[in-house]
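# Inside the fold
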Amino acid sequence: MFKKILLSTLLLIAGSAYSITVEEVKGITIGETDSRIEALAKAMLSADDKTAAFLQALSDDAVKVAGDKIVVIQGDKVVDAVTQAEVTLPDDAEDVINNNRMRGEIDSALAALKLFSKDDTVRAAAVKQLQSDADETKLPLIEKALATEQNTAIKDQLGMVRAAALLGSADKAKRMEAAKLLATSGQANTKTMLLARLETEPDAEIKAALGAALRQVESALAWGDKLGALFSGISLGSILLLVALGLAITYGLMGVINMAHGELMMIGAYATYVVQGLFQKYLPGAFDWYLLAAVPVAFLASALMGALLERSVIRFLYGRPLETLLATWGISLMLMQLVRSVFGAQNVGVENPSWMSGGVQVLGNLSLPYNRLVIIGFAIFVLGSVAWLIGQTRLGLFVRGVTQNRPIASCMGVNTARIDTYAFALGSGIAGLAGCALSQVGNVGPDLGQGYIVDAFMVVVLGGVGQLAGTVYAALGLGILNKFLEGWAGAVLAKIAVLVFIIIFIQKRPQGIFAMKGRSAEA
Amino acid sequence: MSASMKPVSLPSPSPLLSRTGWAAFLVALIVVCAVAPALNLLVPAGSVFHLSDYGVGLVGRIMCYAICALAMDLIWGFTGILSLGHGLFFALGGYAMGMYLMRQIGLEGNYKSELPDFMVFLDWKTLPWHWTFSDSFVATLFLIIAVPGIVAFVFGYFAFRSRIKGVYFSIITQAMTFAAMLLFFRNETGFGGNNGFTDFKRILDIPIATPSMRMTLFVLTGITLLSFFLLARWLINSKFGRVLQAVRDAETRVMFSGYNPLGYKLTIWTISAMMCGVAGALYVPQVGIINPSEMSPANSIEIAIWAAVGGRATLIGPILGAFIVSGAKSWLTVAYPEFWLYFLGALFIGVTLFLPDGVVGLVKRLSKSANKSGDRA
């Protein structure tokens, strides 16, 4: 699809000037692969939009040959490849067969041509593609692009591509220059490129320079890897924190084992999906800001559902944790089926707003996606709000009072039943916020909550029941531990190792990292 | 002072089963061993009394579930420890059996190799170490009991020693089965990855997919269920069983009376796990497949609901519960697939809210009130 759009825009730009010659077209289209590649390289020296359009057609298998006539199929029209005049499709027209080698050449030629696109993102993508297969034949094009490039980020990248192209040069001085240039790049494919060149390099002097460059690149990469693991650990930790914060209130403070917590998150995620749909339909202009509206909606939807559950089921089960566990598991099954009936069993698509896509490039191999950064910020915001709500407000005072000593709180005139409902709704609402955040980084489906429920309980149990601070440390600690183990042992083994670690840890400290002291510890 | 104290007389142990109990037990035994095979194999297929192969498979499967429910009842109903990881023990027994059945396929697999197909697929040349004993049926029988037993013993020892109880214990058992599921999903573990084991051909060199073999497995399962019932009954009536119930009702007081609950809890926990392992081993040849999804936390929690629906702390209850819930499941998932989860969810909520003693408790309550009104009349 994208290719088609690109093709038509290129055609529009091209107008009717014929700058690709009959000989070039024939050379590229007919003959042995070797001679076609040679012709392609020659055509690239004087290439322009017309060449690009033709190559795109070739890559899309839209070019046919009949004798020495070469035509391009454009939708239901057939045009001559050179003059663009409309012709009838000759009866003996045959498809042009491109083997993989030819295809690779065409693709990288196309990428090289995209270096002159007016769109920054297209150019950046083209530079990225060229990085892996730069060679000397594209050097003139790259240098031409380098001369006209305005965007500094792309220009830097392009410089690296030029260096990569120089690396294969027959000229020793140029190779030396390339080695020096590449040393400053901190990218993973530079490393493979240098390694490959080291194998074939005949000259000892350049070999030494390449070795030095390799070491420099490797140390930059190692830093990037470590920081990357740390960042994804913090990112996972922030998600775990969001997921576990609601649970820290319903389970940690109130002692309710809510197995439907994951499904309350799912409701938050689906609320986000619905808000997105409404914005698409009624406010397409403000679509980028739908997430801001989705946050309170997700909170309210889950909080209302939580209040409903508390009033209808959970309040009858206070003090019977095992029964609560089973009943809330039943609730989770029903909520999942409800969502399946309403929205279908398939995952639904929730898009990132445009300001959340992309990321900041910190090091060559380390870029921080905006959506992850936003979620980290969001987790901090939610944590702050909860801490303030529990620690500073009257409602928080009542919640703490009721959890510490229900009869005395009741004697003081606190309506304990109402406080239970509020507290449970608050915990559920935070689950909704977590769901809203999760919808931006993962799939939204009926099973969304199931994947997180075990993790969430682990975080709360590890952090110590009744502790917000413990939850924070446990979430971040588990997130970072998980990601570092992942780099070392793979995702599944890391997960298993973390679970085993928690099981062992609970042996040592059954009350979590921050044990409650005194009488309430036994409760 | 001590002179004035009367010696404490313990209540004399009640008989294993009452007279009617034995009669009912005998009837059940005859039904399983004689009536069901006769109805399935001898009565012609067109007759109303014919028990279809589907019916045999279904009831055979449910009896395996009933064994799990019974095991769950011992640990939850009588000792007060809710395990959300019994699916793991079930699956471990099943996998031990499955390994043997995979070896029995021999050269008839798709790749005509001595090794199970999935190993050929993974380009393995030799059997991994944990498959060493898988070609011996006797060793397999031992593993079916030993593997779940050892896993449960080690896990239970550490958990009970540090006095993890209540919900904490439930949640870490859930984490345990979840971790095991992730482990078994991996191809490297050597258990067939997410496809698990299937395509069994023979057991003890006898073809597995024949009506008589199906009936044999059915009868075996029935006998196992009934003998486990007797075993559980005996355990619960013994002094050991009384201590278990005391632990359930007031663990601290039991400790202050000079008992160390660790040994009691650990023993019943291990026995319960072994029973589940046996159930899994009987289950696998009947359904013809075992894969890691048997270890999913949802399966384990379903075992708890069987026990809860039937009635905890009664032995007949969980067996009934397994039949009621699984029967409803096999009917509803075919007839109204979208309602099954609503039904199951409502069952979880309804039983915990309104039927704390399950169906058996309900029947007792109803008959008691009927007696009362009868007395008055």
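Not measured: the values here are computed from a predicted model. The numbering scheme is per chain: residues are counted from 1 as the chain's sequence reads. Key to labels: chains lettered from A, ligands numbered from 1, both in the order written. Totals for whole chains, interfaces and linings use all residues, but because this is a predicted model, local features are given only for residues with pLDDT of at least 70 and pairs of side-chain atoms are given and counted only at 80 or more.

### What about the domain arrangement of chain B?
All names here are of chain B. Residue ranges assigned to the domains are those given by an automatic or database domain assignment. Domain boundaries assigned for chain B yield domain 1 (22-51) and domain 2 (58-296). Computed over C-alpha atoms only, the centres of domain 1 and domain 2 are separated by 28 Å. With C-beta atoms placed from the backbone, a contact is any residue pair whose C-beta atoms sit within 7 Å. Listed as interface residues are 9 residues of domain 1 and, on the opposing side, 7 residues of domain 2. Taken together, the residues of the side of domain 1 that touches domain 2 break down into 8 nonpolar, 1 polar and no charged. Residues were grouped as follows: Ala, Val, Leu, Ile, Met, Phe, Trp, Tyr, Cys and Pro as nonpolar; Asp, Glu, Lys and Arg as charged; and all remaining residues, including Gly, as polar.

### Here's the deal with the packing of helix α2 (residues 53-77) of chain B against helix α12 (residues 316-335) of chain B
All names here are of chain B. An axis is simply a line fitted to the C-alpha atoms; with a helix, the fit covers only the stretch in contact. Between two such axes, the angle follows the N-to-C directions and lies from 0 to 180 degrees. A run of DSSP states H or I qualifies as a helix once it reaches four residues; a run of E qualifies as a strand once it reaches two. Both are numbered from the N-terminal end. Relative orientation of the contacting elements α2 and α12 amounts to 135°, with a least axis distance of 8 Å. If you check the angle between α2 and α12, you find them oblique. Seen along the crossing, α2 lies across α12 with a hand that is right-handed. Packed against α2, whose contacting residues are L58, I62, Y65, A66, A69, L70, M72 and D73, the element α12 presents P318, I319, G321, A322, F323, S326, G327 and S330 at the interface. Residue composition of the contact of α2 with α12, grouped by class: 11 nonpolar, 4 polar and 1 charged. An angle counts as roughly parallel when it lies under 35 degrees, as roughly antiparallel when it exceeds 145, as roughly perpendicular when it falls between 65 and 115, and as oblique in every other case. Each crossing gets its handedness from the near helix: less than a right angle anticlockwise from the far helix is left-handed, clockwise is right-handed.

### A word on the interface of chain A and chain B
It is common to give the size of an interface as the accessible area that goes away when the parts come together. Between chain A and chain B, the contact holds 32 residues from the first and 36 residues from the second. Going through the elements one at a time, α14 (321-343), α19 (450-463) and α21 (491-508) of chain A are the ones with two or more residues in the side of chain A that touches chain B. Looking at the side of chain A that touches chain B, the element that brings in the most residues is α14(A), giving 14 residues. Residues of the side of chain A that touches chain B, tallied by class, amount to 26 nonpolar, 4 polar and 2 charged.

### Comments concerning the confidence of the model for chain B
Low pLDDT means the predicted coordinates in that region are not meant to be read closely. Residues and elements named next belong to chain B. What pLDDT conveys is the predictor's confidence in a given residue, as a value from 0 to 100. Here chain B averages 88 in pLDDT, and 95% of its residues register 70 or above. Of all the helices and strands in chain B, helix α14 (residues 358-376) carries the lowest mean pLDDT, 81, while helix α10 (residues 261-287) carries the highest, 95. As scored by the predictor, the complex reaches a pTM of 0.74 and an ipTM of 0.82.

### Some remarks on unusual backbone geometry
Residues and elements named next belong to chain B. Positive phi outside glycine occurs at D199, with the angle close to 65°. If you trace the backbone, D199 turns up in the loop between β1 (197-198) and β2 (202-203). Phi is positive for D205, close to 65°, though the residue is something other than glycine. Of note, D205 is situated in the loop between β2 and β3 (206-207).

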